[in-house]
Amino acid sequence: MLASTLIFFACWLQWTEHRGWPHEDVDRDEDESYLQRRKKSRSRVNLLIGICGVLILAATIAGVGLVFAAAWTSVALILMVIVILAGLDAYRTHRHHQEKMRQMRKRATED
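Reading guide: rules and limits
Residues numbered from 1 in each chain as written. Predicted model: local features only at pLDDT ≥ 70, side-chain atom pairs only at ≥ 80, totals over all residues. Heavy atoms only, no water. Core = buried A, V, L, I, M, F, W, Y, C linked by side-chain atoms within 4.5 Å. Buried < 20%, exposed > 50% of the residue type's maximum accessible area, 1.4 Å probe, protein only. Helix = DSSP H or I, 4+ residues; strand = E, 2+ residues; numbered from the N terminus. Contact = heavy atoms within 4.5 Å. Patch = residues over 30% accessible without salt bridge, like charges linked within 9 Å, V, L, I, M, F, W, Y side chains within 5 Å. Areas by Shrake-Rupley, 256 points an atom, 1.4 Å probe, with all protein chains shown as cover. Salt bridge = Lys/Arg side-chain N within 4 Å of Asp/Glu carboxyl O. Phe/Tyr/Trp six-rings, centres within 6.5 Å; stacked < 30°, edge-to-face > 60°. Polar contact = N/O pair within 3.5 Å; in protein donor to acceptor, adjacent residues only side chain to side chain.

Asker: Help me understand the nonpolar core in this model?
Answerer: Here is a general trend for soluble globular proteins: nonpolar side chains tend to be buried in one another's company. Residues Ala3, Ala10, Leu13, Val45, Leu48, Ile49, Cys52, Ile56, Val75, Ile78 and Ile82 constitute the largest nonpolar core, which totals 11 residues. Among the secondary structure elements, those contributing two or more residues to this core are α1 (2–19), α2 (29–62) and α3 (66–110). When residues in this core are grouped by element, the largest group, 5 residues, is from α2. Excluding residues within four positions of it along the chain, Cys52 makes contact with Leu6, Val75, Ile78 and Leu79.

Asker: It is not clear to me how a nonpolar patch on the surface should be interpreted in this structure. Could you clarify?
Answerer: Together, Phe8, Phe9, Trp12 and Trp15 make up a nonpolar patch on the protein surface, roughly 470 Å² of accessible area in all. Residue placement: Trp12 occurs in helix α1.

Asker: Looking at this structure, I do not really get the packing of aromatic side chains. What am I missing?
Answerer: According to the stated counting rule, one finds 1 aromatic pair in the structure shown. Each ring, one from Phe9 and one from Trp12, has its centre 6.2 Å from the other, and the planes form 25 degrees; the classification is stacked. Here the residue Phe9 and the residue Trp12 both occupy positions in helix α1, the gap between them amounting to 3 residues, near one helical turn.

Asker: For this particular structure, what's the right way to read the pattern of salt bridges?
Answerer: Charged atoms that come close allow side chains of opposite charge to pair. Counting across every chain of the model gives 5 salt bridges. Put simply, Arg42 and Glu17 hold a salt bridge, and the shortest N to O gap is 3.6 Å. With Arg42 in helix α2 and Glu17 in helix α1, this residue pair connects regions lying 25 residues apart in the sequence. Looking at Glu17, the relative accessible area reads 4%, which means it is buried.

Asker: It is not clear to me how the side chain of Asp89 should be interpreted in this structure. Could you clarify?
Answerer: Within the element layout of this structure, Asp89 appears in helix α3. A relative accessible area of 11% means that Asp89 is categorised as buried. Side-chain polar atoms of Asp89 contact the side chain of Arg42, separated by 3.1 Å. At a separation of 3.1 Å, a polar atom in the side chain of Asp89 contacts the side chain of Arg92. Contact partners of Asp89, with chain neighbours within four places excluded, come to Arg38 and Arg42.

Okay, here's the thing in structure tokens:
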């Protein structure tokens, strides 16, 4: 059940990322560049989520033993990597929005 949920979730996230999220607009070239970097980063995360699902499925089929332990250890490590990548994505988004706000303030003072 967990494996199929993760695989489905990874596919759904990837599909939604490529279709575009609701209320997402591109104002400038900087936004386009940011969105391309974000799409690439999130595609990696979606792949890692899918890999976790496949590893859990393999552990389930293999049963208790070496494969089970290796698969679950790999899942734990991959999930830590996903958390780190999510933090980096949040930091990149924060920096992007800060820069946008600076540009908007600068344009407002010039007008």
